[in-house]
Amino acid sequence: SITGTIIWAKGFPRSNTNTPNTFFDESSYSPSGFIRVYDDAVVSFMPDIQMFKALNKNTSDYIWETNFYRPKFIHDRENATYLFFSSESARNETFIYKVNPKNGETIWQKPTNGLAITGEGVIFNKKLYLPSDKSLIVIDEDSGNIVELIILNIQPLKIRCSEENFVIFSSYAAFIFDTKG
């Protein structure tokens, strides 16, 4: 139960050109804020800070932080065991990352071979489904390899799913699909 007692609080300074962060090779956008507890690690991303940070949930001590990840979209924010995100460089090179949220270790980093990511994806049956240009990119969660490209007649912007349904959001509608078949 929630007791109302604050265990700890911690503030973070904004990033700027005097910090060790480099923003010059990345596109000028970032995802909305992110915070999630993975066992004892509280992992967060704040757009003003432009870095992931992980704190011990009991002590507020830093576990890890990054000065080099620049996410455009954070994928499967609620359910994934690992941290998945995509980034796009100023040269329009898109990469997908799988990171261990407990220690910050990059498990894999893979290019999308010219396919743009247009929104937040989701994990379903060990596959990462990512919205792309009138398609879904399907990536194997373990290897990071692209296993399928599903062509659509709509422009997907965000995907959510349950055991029974996929929901694909476009700029004008939501489409619901049965996950069986």
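Our structure's up above, just so we're on the same page.
First things first, this report covers the structure right here in the doc. (Residues numbered from 1 in each chain as written. Predicted model: local features only at pLDDT ≥ 70, side-chain atom pairs only at ≥ 80, totals over all residues. Heavy atoms only, no water.)

Turning our attention to the sheet that holds strand β6 (residues 83-88). Strand pairs in the sheet, formed through backbone hydrogen bonds, run parallel or antiparallel to each other. Spatial strand order, β5-β6-β7-β8: 4 strands in an open sheet with antiparallel pairing. What marks the edges here is a single partner per strand, and that holds for β5 (73-75) and β8 (106-111). Each adjacent strand pair in this sheet contributes to an overall mean axis angle of 20°, direction not counted. Here 3 bridges tie β5 to β6, and the two strands are oriented antiparallel to one another. (Pairing = 2+ DSSP bridges. Helix = DSSP H or I, 4+ residues; strand = E, 2+ residues; numbered from the N terminus. Axes fitted to C-alpha atoms, helices over the stretch in contact; angles between N-to-C directions.)

A few words on the environment of glutamine 155. Examined against the element boundaries, glutamine 155 turns out to sit in the loop between β12 (146-151) and β13 (158-161). Considered as a pair, glutamine 155 and serine 171 are 16 residues apart in the sequence and their alpha carbons are 7.8 Å apart. Residues contacting glutamine 155, with those up to four places away along its chain left out, are Thr118, Ser132, Asp133, Lys134, Phe169 and Ser170. Here the side chain of glutamine 155 touches threonine 118 through a polar contact of 3.2 Å, side chain to side chain. From its side chain, glutamine 155 meets the backbone nitrogen of lysine 134 in a polar contact 3.0 Å long. (Contact = heavy atoms within 4.5 Å. Polar contact = N/O pair within 3.5 Å; in protein donor to acceptor, adjacent residues only side chain to side chain.)

Now for the sheet that holds strand β9 (residues 122-124). One open sheet accounts for 4 strands, arranged β9-β10-β11-β12; its pairing is antiparallel. At either margin of the open sheet sits one strand with a lone partner, and together these are β9 and β12. Going from strand to strand, the sheet's axes swing by 25° on average, the running direction of each strand aside. Alignment of strand β11 (residues 135-140) against β12, held across 5 bridges, turns out to be antiparallel. Bridge pairing in β12 links serine 135 to isoleucine 151.

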